[in-house]
Amino acid sequence: MRYTVAIFGEAERGSFQTAFFCQNLEQLERNLGNPPENSAGLNLAIQALLYERNLIFFRVKEEGFSVQDYLYGLYLLETQHLFANVRAIGMPGVGNLQVLDASEVICDIYKSILITTEADLYDYLTDKEH
């Protein structure tokens, strides 16, 4: 059984507020194209596929800042029971408390982990509202 990783990030093409399911690099490239400069989401997606994980990719307008895109993708993960074995959720660049708190709920549902960066974790832990 192949596990699934859900990743949020910027991409060259593909609809917003859509879950792209990919099982290989060819599907990823066909659906989403190349990563924009300074983007980490597609690079993380490539790593997941190379480690033989299925991928659900949510394209966001701007990594770390498109709060509504993140929240809608998390809503889809919570309400659509089409996704099985989601073992990790990747949100590089996200330090927004609302998004991270919403992702915690999804991680609980799927018993999965959140993949983020060291800088994002620091921002989250040192946010005065937290």
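Provided above is the structure to which this section pertains.
Residues numbered from 1 in each chain as written. Predicted model: local features only at pLDDT ≥ 70, side-chain atom pairs only at ≥ 80, totals over all residues. Heavy atoms only, no water.

Draft legend 1. Local environment of the pattern of salt bridges. One pass over the full model with this rule turns up two salt bridges. For Glu12, the salt bridge goes to Arg13, with nearest N and O atoms at 3.4 Å. Arg13 gets classed as partly exposed once you look at its relative accessible area, which sits at 33%. Notably, a salt bridge pairs Glu29 with Arg13, separated by 3.1 Å at the nearest N-O pair. Highlighted residues: Glu29 in helix H1 (residues 25-32) and Arg13 in the loop between strand S1 (4-9) and strand S2 (19-22), separated in sequence by 16 residues. On the basis of relative accessible area, Glu29 is assigned to the partly exposed category, the value being 42%. Overlapping salt bridges bring together Glu12, Arg13 and Glu29 as one network. (Salt bridge = Lys/Arg side-chain N within 4 Å of Asp/Glu carboxyl O. Buried < 20%, exposed > 50% of the residue type's maximum accessible area, 1.4 Å probe, protein only. Helix = DSSP H or I, 4+ residues; strand = E, 2+ residues; numbered from the N terminus.)

Draft legend 2. Local environment of the packing of H1 against helix H2 (residues 41-50). The geometry of H1 relative to H2 is characterised by a closest axis approach of 10 Å and an angle of 155° between their N-to-C directions. Taken together, the axes of H1 and H2 lie roughly antiparallel to each other. Note that H1 runs across H2; the crossing there is right-handed. Along the contact surface, H1 presents Leu25, Leu28 and Leu32, while H2 presents Leu42, Ala45, Ile46, Leu49 and Leu50. Per-class residue counts for the contact of H1 with H2 are eight nonpolar, no polar and no charged. (Axes fitted to C-alpha atoms, helices over the stretch in contact; angles between N-to-C directions. Parallel < 35°, antiparallel > 145°, perpendicular 65-115°, else oblique. Left-handed = near helix turned anticlockwise from the far one by under 90°. Contact = heavy atoms within 4.5 Å. Nonpolar A, V, L, I, M, F, W, Y, C, P; charged D, E, K, R; others polar.)

Draft legend 3. Region of the structure containing the nonpolar core. Ranked by size, the top nonpolar core spans 23 residues in total, and within it Phe8, Leu77, Ile89, Met91 and Val99 carry the most contacts. Elements that contribute at least two residues to this core include exactly S1, strand S3 (54-59), helix H3 (67-79), strand S4 (86-90) and helix H4 (97-110). The residues touching Ile89, leaving out its near neighbours within four places in the chain, are Ala6, Phe8, Leu77, Ile106, Cys107, Ser112, Ile113, Leu114 and Ile115. (Core = buried A, V, L, I, M, F, W, Y, C linked by side-chain atoms within 4.5 Å.)

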